[in-house]
Amino acid sequence: MDTNNKLQTEEQSTNNENMGADNASCHHTIQPQYAEGKILGAVHSVESFGSVDGPGIRFIIFLNGCKMRCRYCHNPDTWKMKADVWKTADELLAQAIRFKSYWGKKGGITVSGGEALLQIDFLIDLFKKAKAMGIHTCLDTAAQPFTREEPFFKKFEELIQYTDLILFDLKHINNEEHKKLTGWGNTNIIDCANYLSEKNIPVWIRHVLVPTITDNDKYLYGLRDYLKTLNNVEKIEVLPYHALGVYKWEKLGIPYTLKDVDAPTAERVKNAKDILQTAVEKH
């Protein structure tokens, strides 16, 4: 099926160019698109042999759309809901399954972004079908769209039934600093982490270490103390800040505000790992 051609005849009044984070600012998710009765995902790209986004070798699906404006984002080209290509869950799974022999016992699929939860209807369809095929499912999210309001919350409850692991990107533990870093507060994000702990959904915490912003012992100890309150954290990953995505900002004509920030030193990375690791030693 040529999904993109089908979509052109079936989409209603929504303009693909304007389905971005700004246009969706009043909504928790983005209005789904359909073709021949099947929900579509706005896909940015895929990676066949991912080795850093979850356990084992994984097929990574990057979705478009994100409301946050992280100052260090290395994929600003995924922010707007402008589909590089529209795909059904069936199309993506047929593509992924070709690499199953490389996954071993731990591999599977990971859906990232952008912010994948903005396409929660598509995620439910994708993960439900993946689980029916015996595929390990992993969601990489910063949880910005999370709310306990309906209809999002009921959909989220369904989604986690088909989710084996969540890579939870905690940008900053301090709410005000989180706003400075991403443009959004973290109250609902912390609420999402609490909910996942209540439901005992396995989580790997990811935290980008940025000199002068998150590389601060006060905030690192604060994050550690919070993570100690959760009972579902299996692993904590400290990701050193890098500026490898600056060229994308320049290409898009967006000012990059961290040009003068260097990568953290090996000593500071070790310091952050040593502090945060104590949060999982209780498990």
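I will try to describe carefully the structure that is included in this document. Computed from a prediction, not measured in an experiment: that's the story for all the values here. (Residues numbered from 1 in each chain as written. Predicted model: local features only at pLDDT ≥ 70, side-chain atom pairs only at ≥ 80, totals over all residues. Heavy atoms only, no water.)

All right, on to empty space enclosed by the protein then. Scanning all chains against the criterion turns up two cavities of 30 Å³ or more. When its volume is computed, the largest cavity comes out at roughly 70 Å³. Lining the largest cavity are 13 residues; nearest its centre among them are Ile 30, Gln 31, Pro 32, Leu 40 and Gln 119. At the level of elements, β2 (38-50) and α3 (120-132) are the ones that each hand at least two residues to the lining of the largest cavity. Looking at which element gives the most residues to the lining of the largest cavity, the answer is α3, with three residues. Considered class by class, the residues forming the lining of the largest cavity number nine nonpolar, three polar and one charged. His 172, Ile 173, His 207, Thr 214, Tyr 219, Leu 220 and Leu 223 together form the lining of the second largest cavity. (1 Å grid on protein atoms, 1.4 Å probe; cavity = no way out; pocket = protein on both sides within 12 Å on 5 of 7 lines; lining within 4 Å. Points joined across faces, edges and corners; volume = space filled by probe spheres on them. Helix = DSSP H or I, 4+ residues; strand = E, 2+ residues; numbered from the N terminus. Nonpolar A, V, L, I, M, F, W, Y, C, P; charged D, E, K, R; others polar.)

The next point concerns the environment of Lys 105. Relative to the elements of secondary structure, Lys 105 occurs in the loop between α2 (89-96) and β5 (108-112). On the basis of relative accessibility, which here comes to 89%, the residue Lys 105 falls in the exposed class. For the pair formed by Lys 105 and Ile 57, sequence separation is 48 residues and the distance between their alpha carbons is 9.5 Å. (Buried < 20%, exposed > 50% of the residue type's maximum accessible area, 1.4 Å probe, protein only.)

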